[in-house]
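Secondary and tertiary structure notes
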Amino acid sequence: MAQIIDGKKIAADIRNELKEETARLAAEGKEAALAVILVGENPASKVYVRNKKNACEEVGIKSLSYELPENTSQAELLELIDKLNHDDKCNGILVQLPLPKHIDEDAVINAIDPDKDVDGFHPVNVGKLSIGLEGFVSCTPSGIIQLLKRSGVEMDGKRAVVIGRSNIVGKPMALLLLRENATVTVAHSHTNELKELCRQADILIVAIGRAKFVDHEYIKDGAVVIDVGMDRDENGKLCGDVDYDDVFDKASFITPVPGGVGPMTIAMLLYNCVASAKDQSR
Ligand code: GUN
(Lines give C-alpha, C1' and ligand atoms only; values in the text may rest on other atoms or scores of the structure.)
Protein backbone atom coordinates (compact mmCIF):
# COMPACT_ATOMS: atom_id res chain seq x y z
CA MET A 1 0.00 0.00 0.00
CA ALA A 2 1.34 3.38 -0.98
CA GLN A 3 2.09 6.36 1.20
CA ILE A 4 0.26 9.38 -0.21
CA ILE A 5 2.46 12.39 -0.97
CA ASP A 6 0.38 15.37 0.16
CA GLY A 7 1.26 18.17 -2.26
CA LYS A 8 -1.20 20.55 -0.66
CA LYS A 9 0.52 20.23 2.72
CA ILE A 10 4.05 20.45 1.30
CA ALA A 11 3.10 23.49 -0.83
CA ALA A 12 1.59 25.14 2.28
CA ASP A 13 4.82 24.46 4.22
CA ILE A 14 6.85 26.11 1.43
CA ARG A 15 4.49 29.12 1.32
CA ASN A 16 4.90 29.53 5.09
CA GLU A 17 8.70 29.43 4.77
CA LEU A 18 8.50 32.05 2.01
CA LYS A 19 6.25 34.27 4.10
CA GLU A 20 9.02 34.40 6.72
CA GLU A 21 11.57 35.23 4.01
CA THR A 22 9.51 38.09 2.58
CA ALA A 23 9.00 39.47 6.11
CA ARG A 24 12.79 39.41 6.60
CA LEU A 25 13.28 41.19 3.26
CA ALA A 26 10.60 43.76 4.15
CA ALA A 27 12.37 44.48 7.44
CA GLU A 28 15.39 45.47 5.32
CA GLY A 29 13.15 47.69 3.20
CA LYS A 30 13.16 45.27 0.26
CA GLU A 31 10.10 44.01 -1.56
CA ALA A 32 9.62 41.07 -3.90
CA ALA A 33 7.42 42.01 -6.87
CA LEU A 34 6.18 39.82 -9.73
CA ALA A 35 4.77 41.24 -12.96
CA VAL A 36 2.04 38.91 -14.26
CA ILE A 37 1.10 39.51 -17.91
CA LEU A 38 -2.04 38.01 -19.42
CA VAL A 39 -2.92 38.63 -23.07
CA GLY A 40 -6.49 37.88 -24.15
CA GLU A 41 -9.41 36.05 -22.61
CA ASN A 42 -8.41 32.37 -22.34
CA PRO A 43 -10.65 31.23 -19.44
CA ALA A 44 -8.18 28.69 -18.03
CA SER A 45 -5.35 31.25 -18.19
CA LYS A 46 -7.52 33.77 -16.33
CA VAL A 47 -8.00 31.28 -13.48
CA TYR A 48 -4.28 30.41 -13.37
CA VAL A 49 -3.31 34.08 -13.32
CA ARG A 50 -5.80 34.89 -10.55
CA ASN A 51 -4.46 31.97 -8.47
CA LYS A 52 -0.87 33.13 -9.01
CA LYS A 53 -1.68 36.71 -8.00
CA ASN A 54 -3.57 35.57 -4.88
CA ALA A 55 -0.72 33.26 -3.88
CA CYS A 56 1.74 36.18 -4.24
CA GLU A 57 -0.32 38.40 -1.98
CA GLU A 58 -0.62 35.62 0.60
CA VAL A 59 3.16 35.26 1.01
CA GLY A 60 3.96 38.97 0.82
CA ILE A 61 5.06 39.25 -2.82
CA LYS A 62 3.65 42.29 -4.59
CA SER A 63 1.92 41.38 -7.85
CA LEU A 64 1.94 43.87 -10.71
CA SER A 65 -0.94 42.96 -12.98
CA TYR A 66 -1.02 43.54 -16.76
CA GLU A 67 -4.19 42.33 -18.47
CA LEU A 68 -3.89 43.15 -22.15
CA PRO A 69 -6.52 42.79 -24.87
CA GLU A 70 -6.47 39.88 -27.35
CA ASN A 71 -5.43 42.19 -30.20
CA THR A 72 -2.25 43.40 -28.43
CA SER A 73 0.56 43.34 -31.00
CA GLN A 74 3.80 41.46 -30.44
CA ALA A 75 5.67 44.78 -30.57
CA GLU A 76 3.49 46.20 -27.78
CA LEU A 77 4.07 43.14 -25.61
CA LEU A 78 7.82 43.25 -26.22
CA GLU A 79 7.82 46.93 -25.31
CA LEU A 80 6.13 46.19 -21.97
CA ILE A 81 8.64 43.40 -21.25
CA ASP A 82 11.51 45.76 -22.05
CA LYS A 83 10.09 48.33 -19.64
CA LEU A 84 9.76 45.70 -16.88
CA ASN A 85 13.27 44.36 -17.58
CA HIS A 86 14.59 47.82 -16.68
CA ASP A 87 12.26 48.41 -13.71
CA ASP A 88 14.25 47.90 -10.48
CA LYS A 89 11.03 47.48 -8.50
CA CYS A 90 10.09 44.36 -10.48
CA ASN A 91 12.17 41.23 -9.89
CA GLY A 92 10.06 38.65 -11.70
CA ILE A 93 8.23 38.64 -15.04
CA LEU A 94 5.68 36.00 -15.95
CA VAL A 95 3.89 35.96 -19.31
CA GLN A 96 1.02 33.50 -19.08
CA LEU A 97 1.01 30.95 -21.93
CA PRO A 98 -0.50 30.19 -24.37
CA LEU A 99 -0.37 33.54 -26.15
CA PRO A 100 -2.73 34.51 -28.99
CA LYS A 101 -1.69 32.96 -32.33
CA HIS A 102 -0.35 36.19 -33.85
CA ILE A 103 2.34 36.40 -31.14
CA ASP A 104 5.53 34.32 -31.34
CA GLU A 105 5.97 32.71 -27.91
CA ASP A 106 9.67 32.06 -28.38
CA ALA A 107 10.32 35.72 -29.20
CA VAL A 108 8.47 36.73 -26.03
CA ILE A 109 10.28 34.24 -23.78
CA ASN A 110 13.61 35.33 -25.29
CA ALA A 111 12.82 38.98 -24.52
CA ILE A 112 12.52 38.43 -20.76
CA ASP A 113 15.67 39.24 -18.78
CA PRO A 114 16.93 35.76 -17.71
CA ASP A 115 17.48 37.18 -14.19
CA LYS A 116 13.72 37.92 -13.98
CA ASP A 117 12.56 34.74 -15.76
CA VAL A 118 10.85 33.15 -12.75
CA ASP A 119 9.17 30.54 -15.02
CA GLY A 120 12.63 29.22 -15.97
CA PHE A 121 11.67 29.12 -19.67
CA HIS A 122 14.41 31.36 -21.11
CA PRO A 123 17.07 29.48 -23.12
CA VAL A 124 19.78 30.90 -20.82
CA ASN A 125 18.14 29.31 -17.78
CA VAL A 126 17.45 26.07 -19.65
CA GLY A 127 21.12 26.02 -20.69
CA LYS A 128 22.28 26.69 -17.13
CA LEU A 129 20.18 23.78 -15.87
CA SER A 130 21.65 21.48 -18.51
CA ILE A 131 25.27 22.27 -17.57
CA GLY A 132 24.66 22.36 -13.81
CA LEU A 133 24.83 26.11 -13.19
CA GLU A 134 22.46 27.96 -10.88
CA GLY A 135 19.50 29.63 -12.56
CA PHE A 136 15.73 29.64 -12.52
CA VAL A 137 14.23 26.19 -12.98
CA SER A 138 10.80 25.40 -14.42
CA CYS A 139 8.35 25.25 -11.51
CA THR A 140 6.55 21.91 -11.97
CA PRO A 141 9.69 19.74 -12.15
CA SER A 142 11.43 21.64 -9.33
CA GLY A 143 8.23 21.17 -7.30
CA ILE A 144 8.42 17.43 -7.91
CA ILE A 145 12.00 17.34 -6.60
CA GLN A 146 10.72 19.07 -3.45
CA LEU A 147 7.90 16.51 -3.10
CA LEU A 148 10.44 13.68 -3.32
CA LYS A 149 12.98 15.28 -0.94
CA ARG A 150 10.41 16.28 1.65
CA SER A 151 8.90 12.79 1.58
CA GLY A 152 12.30 11.24 2.24
CA VAL A 153 12.56 9.53 -1.16
CA GLU A 154 16.17 8.69 -2.02
CA MET A 155 17.03 9.55 -5.64
CA ASP A 156 20.79 8.87 -5.61
CA GLY A 157 21.56 5.73 -7.60
CA LYS A 158 17.90 5.01 -8.36
CA ARG A 159 16.42 4.29 -11.78
CA ALA A 160 14.03 7.03 -12.84
CA VAL A 161 11.79 6.96 -15.90
CA VAL A 162 10.14 10.17 -17.06
CA ILE A 163 7.26 9.73 -19.52
CA GLY A 164 6.94 12.96 -21.51
CA ARG A 165 9.56 15.18 -23.15
CA SER A 166 8.05 18.67 -23.02
CA ASN A 167 10.27 21.70 -22.50
CA ILE A 168 8.30 22.68 -19.39
CA VAL A 169 8.12 19.32 -17.58
CA GLY A 170 9.77 16.24 -19.12
CA LYS A 171 13.16 17.59 -20.19
CA PRO A 172 13.89 19.73 -17.08
CA MET A 173 12.58 16.89 -14.90
CA ALA A 174 15.15 14.52 -16.40
CA LEU A 175 17.96 17.05 -15.83
CA LEU A 176 16.93 17.63 -12.21
CA LEU A 177 16.80 13.90 -11.46
CA LEU A 178 20.23 13.55 -13.05
CA ARG A 179 21.47 16.35 -10.77
CA GLU A 180 20.24 14.20 -7.84
CA ASN A 181 22.34 11.29 -9.17
CA ALA A 182 19.44 9.19 -10.44
CA THR A 183 19.88 7.12 -13.60
CA VAL A 184 17.35 8.67 -15.93
CA THR A 185 15.46 7.53 -19.02
CA VAL A 186 13.08 9.81 -20.90
CA ALA A 187 10.23 7.98 -22.62
CA HIS A 188 7.65 9.44 -25.02
CA SER A 189 4.96 8.56 -27.54
CA HIS A 190 7.46 6.82 -29.87
CA THR A 191 9.09 4.70 -27.13
CA ASN A 192 9.06 0.96 -27.85
CA GLU A 193 8.10 -1.44 -25.05
CA LEU A 194 7.07 1.37 -22.74
CA LYS A 195 5.47 -0.94 -20.18
CA GLU A 196 8.62 -3.04 -19.80
CA LEU A 197 10.73 0.10 -19.47
CA CYS A 198 8.46 1.62 -16.82
CA ARG A 199 8.51 -1.63 -14.84
CA GLN A 200 12.24 -1.05 -14.27
CA ALA A 201 11.66 2.35 -12.67
CA ASP A 202 12.21 2.95 -8.96
CA ILE A 203 10.81 6.43 -9.59
CA LEU A 204 8.22 6.91 -12.33
CA ILE A 205 7.21 10.42 -13.39
CA VAL A 206 4.19 10.50 -15.68
CA ALA A 207 3.52 13.60 -17.79
CA ILE A 208 1.74 12.47 -20.95
CA GLY A 209 -1.68 14.09 -20.71
CA ARG A 210 -3.76 10.89 -21.14
CA ALA A 211 -6.32 10.05 -18.48
CA LYS A 212 -5.44 7.00 -16.34
CA PHE A 213 -2.96 5.76 -18.97
CA VAL A 214 -0.57 4.12 -16.49
CA ASP A 215 -1.99 1.10 -14.65
CA HIS A 216 -0.43 -1.53 -12.35
CA GLU A 217 1.22 -3.30 -15.31
CA TYR A 218 3.61 -0.32 -15.66
CA ILE A 219 4.66 -0.36 -12.03
CA LYS A 220 7.53 -2.15 -10.30
CA ASP A 221 6.70 -3.29 -6.75
CA GLY A 222 7.54 -0.48 -4.35
CA ALA A 223 8.01 2.20 -7.03
CA VAL A 224 7.50 5.89 -6.32
CA VAL A 225 4.82 7.19 -8.70
CA ILE A 226 4.49 10.90 -9.51
CA ASP A 227 1.49 11.94 -11.60
CA VAL A 228 1.75 15.26 -13.44
CA GLY A 229 -1.51 14.74 -15.37
CA MET A 230 -4.61 16.94 -15.09
CA ASP A 231 -7.22 15.10 -17.12
CA ARG A 232 -10.93 14.25 -17.05
CA ASP A 233 -12.15 10.65 -16.78
CA GLU A 234 -15.12 9.18 -18.67
CA ASN A 235 -17.50 10.82 -16.16
CA GLY A 236 -15.87 14.24 -16.48
CA LYS A 237 -14.18 13.91 -13.09
CA LEU A 238 -10.69 15.35 -12.60
CA CYS A 239 -8.02 12.62 -12.70
CA GLY A 240 -4.37 12.13 -13.57
CA ASP A 241 -2.34 10.19 -16.14
CA VAL A 242 -2.08 7.34 -13.60
CA ASP A 243 -4.93 4.98 -12.70
CA TYR A 244 -4.53 5.81 -9.00
CA ASP A 245 -6.72 3.06 -7.49
CA ASP A 246 -5.22 0.39 -9.73
CA VAL A 247 -1.63 1.36 -8.87
CA PHE A 248 -2.09 2.19 -5.18
CA ASP A 249 -1.25 -1.23 -3.69
CA LYS A 250 1.89 -1.68 -5.79
CA ALA A 251 3.53 1.71 -5.23
CA SER A 252 5.49 2.78 -2.14
CA PHE A 253 4.66 6.48 -2.62
CA ILE A 254 2.10 8.12 -4.89
CA THR A 255 0.81 11.61 -5.63
CA PRO A 256 -2.97 12.09 -5.87
CA VAL A 257 -4.72 14.24 -8.50
CA PRO A 258 -5.80 16.79 -7.43
CA GLY A 259 -3.61 17.66 -4.43
CA GLY A 260 -0.29 16.20 -5.54
CA VAL A 261 1.95 17.94 -8.08
CA GLY A 262 -0.55 20.72 -8.92
CA PRO A 263 -0.15 22.89 -5.78
CA MET A 264 3.65 22.69 -6.07
CA THR A 265 3.84 24.62 -9.35
CA ILE A 266 2.66 27.89 -7.80
CA ALA A 267 4.68 27.27 -4.61
CA MET A 268 7.86 27.03 -6.69
CA LEU A 269 6.94 30.11 -8.71
CA LEU A 270 6.76 32.00 -5.40
CA TYR A 271 10.08 30.43 -4.40
CA ASN A 272 11.69 31.70 -7.62
CA CYS A 273 10.24 35.20 -7.04
CA VAL A 274 11.68 35.38 -3.52
CA ALA A 275 15.03 34.01 -4.73
CA SER A 276 15.09 36.70 -7.41
CA ALA A 277 14.30 39.45 -4.87
CA LYS A 278 17.11 38.20 -2.62
CA ASP A 279 19.61 38.10 -5.51
CA GLN A 280 18.79 41.58 -6.72
CA SER A 281 19.06 43.06 -3.26
CA ARG A 282 22.63 41.99 -2.60
N1 GUN B 1 0.68 28.11 -18.93
C2 GUN B 1 0.53 26.88 -18.39
N3 GUN B 1 1.46 26.66 -17.44
C4 GUN B 1 2.23 27.77 -17.39
C5 GUN B 1 3.35 28.16 -16.59
O6 GUN B 1 3.86 27.42 -15.74
N7 GUN B 1 3.86 29.40 -16.83
C8 GUN B 1 3.33 30.22 -17.77
N9 GUN B 1 3.90 31.42 -17.94
N10 GUN B 1 2.29 29.91 -18.53
C11 GUN B 1 1.75 28.69 -18.34
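Now for a look at the structure at hand.

Conventions and cut-offs
Residues numbered from 1 in each chain as written. Predicted model: local features only at pLDDT ≥ 70, side-chain atom pairs only at ≥ 80, totals over all residues. Heavy atoms only, no water. Phe/Tyr/Trp six-rings, centres within 6.5 Å; stacked < 30°, edge-to-face > 60°. Buried < 20%, exposed > 50% of the residue type's maximum accessible area, 1.4 Å probe, protein only. Helix = DSSP H or I, 4+ residues; strand = E, 2+ residues; numbered from the N terminus. Expected span 1.5 Å × (residues − 1). Contact = heavy atoms within 4.5 Å. Pairing = 2+ DSSP bridges. Axes fitted to C-alpha atoms, helices over the stretch in contact; angles between N-to-C directions.

This brings us to the packing of aromatic side chains. Tallied over the entire structure, the rule returns 2 aromatic pairs. Judged by centre distance (5.5 Å) and plane angle (45 degrees), the ring pair of tyrosine 244 and phenylalanine 248 falls under tilted. Taking the relative accessible area as the measure of exposure, phenylalanine 248 reaches 16% and is therefore buried.

Right, let's talk about helix H6 (residues 139-150) for a bit. With 12 residues, H6 extends 16 Å between its outermost C-alpha atoms, agreeing within 8% with the 16 Å of an ideal straight helix rising 1.5 Å per residue. Along H6, 9 of the 12 residues are buried, which leaves the element largely enclosed by surrounding structure. Within H6 the residues assigned to the buried category are Cys139, Thr140, Pro141, Ser142, Gly143, Ile144, Ile145, Leu147 and Leu148. Structurally, H6 contributes buried residues whose contacts are with helix H1 (7-27), helix H7 (170-179), strand S7 (203-206), strand S8 (224-227) and helix H10 (262-280). In the segment just after H6, glycine 152 is the residue with positive phi, at about 75 degrees.

Moving on, we come to the sheet that holds strand S6 (residues 183-187). The sheet built from 6 strands is open, its strands ordered S1-S11-S8-S7-S5-S6 with parallel pairing. At either end of the open sheet lies a strand with only one pairing partner, and these are strand S1 (3-4) and S6. Bridge analysis of strand S5 (residues 159-163) against S6 gives 5 bridges, and the strand direction is parallel. Residue alanine 160 lies in a different strand from S6, and its bridge partner there is valine 184. The sheet contacts of H7 involve S5, S6 and S7, and relative to S5 the element is tilted by about 170 degrees.

Right, let's get into the sheet that holds strand S3 (residues 62-68). Here we have 3 strands laid out as an open sheet, ordered S3-S2-S4, and parallel in their pairing. Of all strands in the sheet, those with a lone pairing partner are S3 and strand S4 (92-95), marking the two edges. Direction aside, neighbouring strands of the sheet carry axes that sit 15 degrees apart on average. Relative to S4, strand S2 (residues 33-39) runs parallel, the two sharing 4 bridges. Note that in S4 the partner of leucine 34 across the bridge is glycine 92. Packing against the sheet, helix H2 (residues 43-59) makes contact with S2, S3 and S4, and its axis sits at approximately 160 degrees to S3. Sitting on the sheet, helix H3 (residues 74-85) touches S2, S3 and S4, and the angle it makes with S2 is about 180 degrees.

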